[in-house]
Amino acid sequence: MTSIRTTCAYCGVGCGITATPTGPRTATIRGDDAHPANHGRLCSKGTHLGETIGLTGRLLHPMIGSRRASWDKALDLVARRFRETIDRYGPDSVAFYVSGQLLTEDYYVANKLMKGFIGSANIDTNSRLCMSSAVAGHNRAFGEDIVPATYEDLEQADLIVLVGSNAAWCHPIVYQRIQAARAARGTKLVVIDPRRTETCEGADLHLPVKPGTDVALMNGLLAWCDRQGLTASDHLDVPEGFWAHIRTGHDLWSTARTCDVAPALLEQFFTLFAQTPRTVTLFSQGINQSIRGTDQVNAILNLHLATGRIGKQGAAPFSITGQPNAMGGREVGGLASTLAAHMDFAPDNVARVGRFWAAPHMATRPGLKAVDLFRSIDEGRVKALWIMATNPAVSLPDAGRVRDALASIPFLVVSDIIADTDSATHAHVRLPAAGWGEKDGTVTNSDRTISRQRPFMALPGEARPDWWIVKEVARRMGWRNAFAYDRPADIWREHARLTAYQNDGRRLLDLRAHATIGNDAYDAMAPFRWGGETLFADGRYPTPDGKARLVVTRQMDMQPPLRDWPMTLNTGRYRDQWHTMTRTGLAPKLARHREEPMVDIHPQDAAALGIVDKGLARVRTAQGDSLFRVCVSDSQRPGEIFTPIHWTDQISSGGRTGLLPRPLVDPHSGQPGFKSTPASIEPVAAQWQGFLILRGDDRVKLPCLWATRITVPGGALYEVAGNGDPARLEACLPKGDRVEAIDQTRGTRRIAILREGRLAAVLFVTRTGLLPARDWLIEQLEADQVGASVLAARGPGNQPAKGATICVCFDIGLNQIVAAIRDQQLVDVPAVGKALGAGTNCGSCRPAIANILAQTHRETLHAAE
Ligand SMILES: Nc1nc2c(c(=O)[nH]1)N[C@H]1C(S)=C(S)[C@@H](COP(=O)(O)OP(=O)(O)OC[C@H]3O[C@@H](n4cnc5c(=O)[nH]c(N)nc54)[C@H](O)[C@@H]3O)O[C@H]1N2
Ligand SMILES: Nc1nc2c(c(=O)[nH]1)N[C@H]1C(S)=C(S)[C@@H](COP(=O)(O)OP(=O)(O)OC[C@H]3O[C@@H](n4cnc5c(=O)[nH]c(N)nc54)[C@H](O)[C@@H]3O)O[C@H]1N2
Ligand code: SF4
Ligand SMILES: [Mo]
């Protein structure tokens, strides 16, 4: 079979992939050597994309309620209900909520329909939760939403600062490029994050700042540079009082106190920064997801502008984007606060875009931003909503209220690739979208590189591309000619023409070279970067006077912890899962790195509250509460806890992080402050613990306190815990020959269900005893001839348990790595690679291995003393 070049489905690094189909729904996935983002490398998620392209859980037909419907019926219904709602209540009574996981072409069509034809700007995107503070910050400073940096800058910089970014897990290939640059030329790396993440492993400095103090830090650093005579105002518009503000109260000691880091550590960072003009500062959600996110962004941009670290190779501020097409969405103007093609709602822009689209009903002002949008449903103002490629019932703050809103809205449409998501459950109409490997179009990555996503599989069932679905609804609403697209290339050309339309150099986003691209050239399009290599090299910015603008940013006062909510809840990502797990959750290999949603807590806090490692704890906030498995870890600061965003009602009875954050947003961007919510935490006792391994894809709801599901080869593993009689779990066991073993003294019960010599299920529960490792039992799902001896839970060789999976590619567990380090006296990551293979393929686990090495060596030393 021929190989197809495409782009990874996941993060904004935008790695090129070569996919070679090996059957109708299988493919070999490799990194594309020729792609400028990754030069052939892929992280653990990209490497294992092949495990997620089967049809498990797919939505394959349009559904009206719980009944299958034809496309005609479903599209007619959507068009009719939107039309009726608009006729009755006006254009602002309807809304779209879209996603950075749409392709640029999909996004363009949805944006055009809402803003030019329906006549409302009520189209917002999950990028509101992700990039909107960066967008607002760029607009304030540069006059346009421009990311000036490129990945090549990472190879030319002498200092790289990561602020609020766990790149080792979230942008792994960027992180590997940074590590390669360090190895090649000694580039220094500083990480600023309240948590000691794997990204900090091997960094030159880690500043564990108090959350929400990044403005103080950046202003303190700017004051330091100013005192050293390193600042200048060329090409800058400096607001009155800017320097007076920076020169007051931003001394090293005050800054150290505000940020709660040691003055000596801060001084080391400031000195290094001052000495190193070629600096790239990468920032991500630790900066954006704050109720002062936009000011935090501008504090970073101020620093780079005023110290001349911009417009030069190896010196730039670098907002790294989350989703594969977060940037493409910004380019078409898919946020409620932007219009189209990097234009805002200024009257001449509205007129210009209106002319270009020949639009009958132009929106003239910004629409509702995500959090307000869902609140407006509650208030009865938005009555029809269409959600595409996002799962707000999980991912919005105060998600409990969002679910209520979704359950109450008069008309809800969801376009997704998966049939049952927490959001789709409430839909009146579900539309089956084409997924990765089937869809066709373009994406823009973090460094402005536009790449093609190309199909290498046929559309399954009746799935259709998102652009097709939207244009069919638009045509049924009466706008046939304006939405007469036959293929993505038609849309791409129109988008390119709009970026160039009456532009006259005012907007840097200008794709005029693509305005007349042929269909074949579009198909063959190689990755290219718009805007050139070193933006702003000439010192000119897309503002009216051509100058960049410094913005006065003030550190907000930090409130002391509240009596009822003494902890601060921080939320974020795991290395091997993607958001709400609708896709990564299908891959057995990706499941084993973190099998359950955990709350990380500092040992002091755990001890004070009676919380134990691997026990259960309930996290509460004013919005809601959820259960988590406990991970006691000194990588947390005291008083701060961390939970992952990935788990949903579909796979777990707890771990629902989305229920917890407050719906407070940044005043400029509307981005929620996901990274810090006042919270409390308490231990939860369970009388018994256990696990259930089930053959097949089916999902069961287990009647107990704690149940979380992961996919394993051939079936699923549920971890369970509860109170009362565990026997009620047995009702969930499939039929078959039952064997069981009971140990009364420990309260242990082991049950296996066998069918035709194969394992259908095993259930182990215990009140006081230990549970065996799951690995061997899981392997038995794929074995022939399983007998009653399966209850022993181990094979003849008595292999030791592997422990949590560290290296996904070679399936190597923590215990194996520790044993090898001890037995073979391994000293570094390459040595572990040589001994076990671990870390020698995708490399995502190399920071973890470095961490294990350091810890094992510390423990060995300790034991020797
Ligand atoms: N594995 C994986 N990778 C992903 C994703 C995924 O779901 N899984 N999602 C993608 C998407 S859409 C996004 S947006 C990116 C997000 O990528 P990141 O932003 O790197 O990831 P997060 O885990 O959300 O948060 C980053 C860090 O911010 C820190 N932080 C919290 N508060 C503060 C603060 O006040 N100051 C500072 N300086 N730091 C703080 C947190 O402790 C956390 O370690 O990842 C992308 N890549
Ligand atoms: N507490 C907390 N909450 C957060 C964050 C945080 O750090 N903390 N981070 C926020 C951020 S940065 C982000 S980006 C969001 C992400 O949150 P979401 O966007 O809600 O998460 P996903 O799971 O990526 O949802 C994508 C959905 O689209 C579907 N899908 C995949 N491909 C396609 C396609 O081609 N077409 C269609 N129509 N559907 C498709 C998937 O099955 C899935 O249901 O979460 C935000 N929420
Ligand atoms: S870093 Fe990983 S998830 Fe991100 S684009 Fe590359 S392979 Fe995909
Ligand atoms: Mo994101």
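Residues numbered from 1 in each chain as written. Chains lettered and ligands numbered in written order. Predicted model: local features only at pLDDT ≥ 70, side-chain atom pairs only at ≥ 80, totals over all residues. Heavy atoms only, no water.

Right, let's get into the sheet that holds strand β3 (residues 26-31). The strand order across the open sheet formed by three strands is β1-β2-β3, and the pairing between neighbours is antiparallel. One side of each edge strand has no neighbouring strand; the edge strands of this open sheet are β1 (4-7) and β3. Each adjacent strand pair in this sheet contributes to an overall mean axis angle of 40°, direction not counted. Pairing of β1 with strand β2 (residues 16-23) involves four bridges; the strand directions are antiparallel. Looking at β2, one finds that isoleucine 4 is bridged to alanine 19. (Pairing = 2+ DSSP bridges. Helix = DSSP H or I, 4+ residues; strand = E, 2+ residues; numbered from the N terminus. Axes fitted to C-alpha atoms, helices over the stretch in contact; angles between N-to-C directions.)

What follows concerns the nonpolar core. In this structure, Phe142, Ile192, Leu217, Phe269 and Leu305 are the most contacted members of the largest nonpolar core, which totals 64 residues. Mapping this core onto the domain boundaries places at least three of its residues in each of domain 2 (68-130 + 329-438 + 465-517) and domain 3 (138-319). Counting 54 residues, the second-largest nonpolar core is a separate cluster that includes Ala79, Tyr108, Phe411 and Ile491. (Core = buried A, V, L, I, M, F, W, Y, C linked by side-chain atoms within 4.5 Å. Buried < 20%, exposed > 50% of the residue type's maximum accessible area, 1.4 Å probe, protein only. Domains from an automatic or database assignment.)

This part takes up the packing of aromatic side chains. Applying the stated criterion across every chain, the model contains 25 aromatic pairs. Between phenylalanine 536 and tyrosine 541, the ring centres sit 4.4 Å apart and the planes meet at 40°, which makes this aromatic pair tilted. Comparing phenylalanine 536 with tyrosine 541, the two get one shared label, buried. Among the aromatic residues, those joined into a ring-pair cluster are Phe82, Phe96, Trp386 and Phe411. The residue whose ring lies beneath lysine 383 is tyrosine 89, and the NZ or CZ to ring-centre distance is 4.5 Å. For the cation-ring pair, arginine 594 lies above tyrosine 574, with the distance from its terminal atom to the ring centre recorded as 5.7 Å. (Phe/Tyr/Trp six-rings, centres within 6.5 Å; stacked < 30°, edge-to-face > 60°. Lys NZ or Arg CZ within 6 Å of the ring centre and 35° of its normal.)

Here we come to the site of ligand 1. Around ligand 1, the structure places 33 residues, and the nearest of them are Asp193, Asp214, Ser284, Arg573 and Gln577. Cysteine 170 places a main-chain nitrogen or oxygen 2.8 Å from a nitrogen atom of ligand 1. Arginine 575 places a main-chain nitrogen or oxygen 2.9 Å from a nitrogen atom of ligand 1. Breaking the shell around ligand 1 down by element, the ones donating at least two residues are α6 (167-170), α12 (285-288) and β21 (567-572). Grouping the constituent residues of the shell around ligand 1 by class yields ten nonpolar, 16 polar and seven charged. For the shell around ligand 1, the two domains that each supply at least three residues are domain 3 (138-319) and domain 4 (567-684). (Near = heavy atom within 4 Å. Polar contact = N/O pair within 3.5 Å; in protein donor to acceptor, adjacent residues only side chain to side chain. Nonpolar A, V, L, I, M, F, W, Y, C, P; charged D, E, K, R; others polar.)

Turning next to the site of ligand 2. Neighbouring ligand 2 are 32 residues, the closest being Gln101, Ser395, Asp416, Lys439 and Thr580. The contact in question runs from an oxygen atom of ligand 2 to an N or O atom on the side chain of asparagine 126, over 2.8 Å. Contact distances for ligand 2 include 3.4 Å between an oxygen atom and a side-chain N or O atom of tryptophan 578. In isolation ligand 2 offers 920 Å² of accessible surface; the protein chains occlude 99% of this area. Class assignment of the residues belonging to the shell around ligand 2 gives a composition of eleven nonpolar, 15 polar and six charged. Taken domain by domain, the shell around ligand 2 gets at least three of its residues from each of domain 2 (68-130 + 329-438 + 465-517) and domain 4 (567-684). (Areas by Shrake-Rupley, 256 points an atom, 1.4 Å probe, with all protein chains shown as cover.)

Mapped onto the elements, valine 765 comes out in strand β32 (residues 758-766). By relative accessible area, valine 765 is classed as buried at 4%. Considering only alpha carbons, one finds valine 765 and arginine 352, 413 residues apart in sequence, at a separation of 67 Å. Apart from residues no more than four positions distant in its own chain, valine 765 is found in contact with Trp688, Gln689, Gly690, Pro726, Leu729, Gly747, Thr748 and Arg749. (Contact = heavy atoms within 4.5 Å.)

Here the focus is the UniProt feature "domain: 4Fe-4S Mo/W bis-MGD-type" (unreviewed entry) in the protein chain. UniProt tags residues 1-57 as "domain: 4Fe-4S Mo/W bis-MGD-type" (unreviewed entry). As annotated, residues 1-57 comprises 7% helix and 32% strand, and the C-alpha atoms at either end are separated by 27 Å. (UniProt positions renumbered as here; feature names shortened; annotations may be inferred.)

Of all five residues in strand β6 (residues 94-98), five are buried; the element is thus mostly enclosed. Neither face of β6 is left uncovered, since the one carrying Val94, Phe96 and Val98 and the one carrying Ala95 and Tyr97 both have all their residues buried. Relative to strand β14 (residues 384-388), β6 runs parallel, the two being bridged by four bridges. Residue alanine 95 lies in a different strand from β14, and its bridge partner there is leucine 385. For β6 and strand β7 (residues 123-125), the ladder comprises three bridges, and the chain directions are parallel. Looking at β7, one finds that tyrosine 97 is bridged to aspartate 124. Once the chain exits β6 it traverses helix α3 (residues 104-118) before rejoining the sheet at β7, and the crossover so formed is right-handed. (Right-handed = clockwise from strand over helix to strand, strands pointing away.)

The next point concerns the domain arrangement of the protein chain. What the domain assignment reports for the protein chain is domain 1 (4-52), domain 2 (68-130 + 329-438 + 465-517), domain 3 (138-319), domain 4 (567-684), domain 5 (688-792) and domain 6 (805-864). Taken together, the contacts link five residues of domain 1 with five residues of domain 6. The contact between domain 1 and domain 6 buries some 350 Å² in all, and 64% of this surface belongs to carbon and sulfur atoms. Joining domain 1 to domain 6, the criterion identifies zero salt bridges. Across the side of domain 1 that touches domain 6, the residue classes break down as two nonpolar, three polar and no charged. (Buried area = accessible area lost by both parts, 1.4 Å probe. Salt bridge = Lys/Arg side-chain N within 4 Å of Asp/Glu carboxyl O.)

Below, the discussion takes up the pairing of strand β23 (residues 616-620). The buried fraction of β23 is high, at four of five residues. As paired elements, β23 and strand β24 (residues 625-632) share five bridges and run antiparallel to each other. Residue alanine 617 lies in a different strand from β24, and its bridge partner there is phenylalanine 628. Following β23, the chain reverses through four residues before pairing antiparallel with β24. Looking at chain direction, β23 and strand β26 (residues 677-684) are connected through five bridges and run antiparallel.

On to the side chain of aspartate 600. Along the chain, aspartate 600 falls in strand β22 (residues 598-601). Arginine 195 provides the closest opposite charge to the buried, unpaired aspartate 600, separated from it by 4.3 Å. Setting aside residues up to four positions removed in sequence, aspartate 600 forms contacts with Arg195, Cys631, Gln636, Glu640, Ile641 and Phe642. (Lys, Arg positive; Asp, Glu negative; His and termini not counted.)

The phi dihedral of alanine 341 falls on the positive side, at around 45°, and the residue is not glycine. Among the structural elements, alanine 341 can be located in the loop between α14 (326-332) and α15 (347-357). Under the relative-accessibility criterion, alanine 341 is labelled buried at 1%. For aspartate 504, which is not glycine, the phi dihedral falls at a positive 50°. Looking at the element boundaries, aspartate 504 is found in the loop between α20 (488-500) and α21 (519-524). Accessibility expressed as a relative area gives 66% for aspartate 504, which makes it exposed.

Moving on: helix α11 (residues 263-275). Over its 13 residues, α11 runs 18 Å from end to end, which matches the ideal 18 Å to within 8%, given 1.5 Å per residue. Along α11, the positions that sit buried rather than exposed are Leu266, Phe269, Phe270, Leu272, Phe273 and Ala274. (Expected span 1.5 Å × (residues − 1).)

A few words on the packing of helix α4 (residues 132-142) against helix α13 (residues 293-306). For any two helices packed against each other, the geometry is given by the interaxial angle and the distance between the axes. Close contact between α4 and α13 brings their axes to 8 Å; oriented N to C, the two are set at 45°. Classified by the angle between their axes, α4 and α13 sit oblique to one another. As for how α4 packs across α13, the hand of that crossing is right-handed. Within the contact between the two elements, α4 uses Ser133, Ala134, Ala136, Gly137, His138, Arg140, Ala141 and Phe142 and α13 uses Gly293, Thr294, Asp295, Val297, Asn298, Leu301 and Leu305. Split into classes, the residues belonging to the contact of α4 with α13 amount to seven nonpolar, six polar and two charged. (Parallel < 35°, antiparallel > 145°, perpendicular 65-115°, else oblique. Left-handed = near helix turned anticlockwise from the far one by under 90°.)

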